[in-house]
Amino acid sequence: MSMQDRSLGELARRIPGATRVFHDYKLDFCCGGKHTLREAAHTLGVDAGVIEARLQALAETPPPQHDWSRASASELIDYILVRFHDKHREQLPELIRLARRVEEVHGDRPECPVGLADLLRDMQQELESHMQKEEQVLFPMLSRGMGIMAGAPIAVMRMEHDDCGEDLRRMEALTDGITLPRAACNTWRALYLGLRAFREDLMEHIHLENNVLFENALQPATQAAH
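Rules used in this analysis
Residues numbered from 1 in each chain as written. Predicted model: local features only at pLDDT ≥ 70, side-chain atom pairs only at ≥ 80, totals over all residues. Heavy atoms only, no water. Helix = DSSP H or I, 4+ residues; strand = E, 2+ residues; numbered from the N terminus. Buried < 20%, exposed > 50% of the residue type's maximum accessible area, 1.4 Å probe, protein only. Contact = heavy atoms within 4.5 Å. Areas by Shrake-Rupley, 256 points an atom, 1.4 Å probe, with all protein chains shown as cover. Axes fitted to C-alpha atoms, helices over the stretch in contact; angles between N-to-C directions. Parallel < 35°, antiparallel > 145°, perpendicular 65-115°, else oblique. Left-handed = near helix turned anticlockwise from the far one by under 90°. Nonpolar A, V, L, I, M, F, W, Y, C, P; charged D, E, K, R; others polar. Expected span 1.5 Å × (residues − 1). Bend = angle between axes of the 7 residues up to and from the residue. Phe/Tyr/Trp six-rings, centres within 6.5 Å; stacked < 30°, edge-to-face > 60°. 1 Å grid on protein atoms, 1.4 Å probe; cavity = no way out; pocket = protein on both sides within 12 Å on 5 of 7 lines; lining within 4 Å. Points joined across faces, edges and corners; volume = space filled by probe spheres on them. Domains from an automatic or database assignment. UniProt positions renumbered as here; feature names shortened; annotations may be inferred.

## A look at the overall build of the protein
Then, number 1: The helix and strand inventory of the protein stands at eight helices and zero strands.
Then, number 2: Sequence-ordered secondary structure for the protein, helices as α and strands as β, is α-α-α-α-α-α-α-α.
Then, number 3: Overall, the protein is about 60 × 45 × 30 Å in size when its C-alpha atoms are taken along their principal axes.
Then, number 4: Taken over 226 residues, the protein has a buried fraction of 42%.
Then, number 5: Pairs at least 24 apart in sequence give 75% of the contacts found in the protein among residues at least 6 apart.
Then, number 6: Counting only carbon and sulfur atoms, one obtains 52% of the accessible surface of the protein, whose full area is about 11,800 Å².

Shown next as structure tokens:
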């Protein structure tokens, strides 16, 4: 099967570095991970063949020292908790503060992302609720090898991940794709730098859960069904 006919989630899971290529072309490999490379590229009007060539080059390079697709559920969960759950809890309060400051000072400029602070506050509340459900319910189940019994909570988490994807799209719409306007002040620059890091972190977070942790957890159930 051609790479173009494989899903973004599978490519992100199997080819180290693929997520960086997808970021370059704004391909949604986390919430939109079920779409094939061909479908996603066509939707955005980009050349799937060029992307395939870059992915092929990556696939021919040696794998990294740590391949999360082969990690145990407990090991991957420990990584997610520190690398993403803790990180988001650090990122969002400062991003909200910076966004409010930019709106207060530059709200009269047409390119000012008015409403961004409120959106980030809503994302913070929704993400905190989401992460707590994972930490208190789903992750303990997966750590104990109860993936076959976790289908329902996994489905809920996937739906909430889709909501996160919608929030990211609203964030990009408000900020013109997180593009700095001319003569932006240092606060504005710091805000957009932080937004770009948050977007990449959140997409990688959702990818590792949707396409690796959850897929691995449900694999025995899938095999049993066949």
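## Comments concerning the packing of helix H5 (residues 73-106) against helix H6 (residues 116-143)
Then, number 1: Look at H5 against H6: their axes get within 9 Å of each other, and the N-to-C directions meet at 165 degrees. Of the possible angle classes, the one that applies to H5 and H6 is roughly antiparallel. Crossing angle aside, the handedness with which H5 passes H6 is left-handed.
Then, number 2: Residues belonging to the contact of H5 with H6 are distributed by class as follows: 16 nonpolar, six polar and eight charged.

## Remarks on unusual backbone geometry
Then, number 1: A positive phi angle is found at Lys 26, which is not glycine, with a value near 60 degrees.
Then, number 2: Tracing the backbone through its elements, the reader meets Lys 26 in the loop between helix H2 (18-24) and helix H3 (37-44).
Then, number 3: If you check the backbone angles, Ile 178 has positive phi at about 55 degrees while not being a glycine.
Then, number 4: Summarising the element assignment, Ile 178 is placed in the loop between helix H7 (151-174) and helix H8 (186-225).
Then, number 5: Its relative accessible area of 3% is what places Ile 178 among the buried residues.

## A few points about H5
Then, number 1: Taking 1.5 Å per residue, 34 residues should reach 50 Å; H5 reaches 46 Å between its end C-alpha atoms and fits that length.
Then, number 2: Largest kink in H5: about 35 degrees, centred on Leu 81.

## Considering the packing of aromatic side chains
Then, number 1: Counted according to the given criterion, the structure contains four aromatic pairs.
Then, number 2: Ring geometry for Phe 22 and Phe 29: centres 6.0 Å apart, planes at 35 degrees, overall tilted.
Then, number 3: Members of the aromatic cluster, joined through ring pairs, are Trp 68, Tyr 79 and Phe 84.

## A word on the layout of surface pockets
Then, number 1: Space inside the largest pocket adds up to approximately 490 Å³.
Then, number 2: Lining the largest pocket are 20 residues, with Lys 26, Leu 27, Asp 28, Leu 44 and Arg 169 positioned closest to its centre.
Then, number 3: Counting residues per element, the ones that place at least two in the lining of the largest pocket are H2, H3, H7 and H8.
Then, number 4: For the lining of the largest pocket, the residue count by class is nine nonpolar, five polar and six charged.
Then, number 5: Looking at the lining of the largest pocket, you find at least three residues from each of domain 1 (3-60) and domain 2 (69-218).
Then, number 6: Of the pockets and cavities examined, the second largest pocket occupies roughly 420 Å³.
Then, number 7: Lining of the second largest pocket is provided by 20 residues; of these, Ala 12, Arg 13, Pro 16, Asp 67 and Trp 68 occupy positions nearest its centre.
Then, number 8: Of all elements in the fold, only helix H1 (8-14), H2 and H8 reach the threshold of two or more residues within the lining of the second largest pocket.
Then, number 9: When residues of the lining of the second largest pocket are assigned to their parent elements, the largest contribution, four residues, is made by H8.
Then, number 10: Partitioned by chemical class, the residues of the lining of the second largest pocket number nine nonpolar, five polar and six charged.
Then, number 11: There are two domains that each give the lining of the second largest pocket at least three residues, and those are domain 1 (3-60) and domain 2 (69-218).

## Describing the UniProt feature "domain: Hemerythrin-like" (unreviewed entry) in the protein
Then, number 1: Listed under "domain: Hemerythrin-like" (unreviewed entry) in the UniProt record, and renumbered for this structure, are residues 78-215.
Then, number 2: Structurally, residues 78-215 comprises 80% helix and 0% strand, and the distance from its first C-alpha atom to its last is 17 Å.

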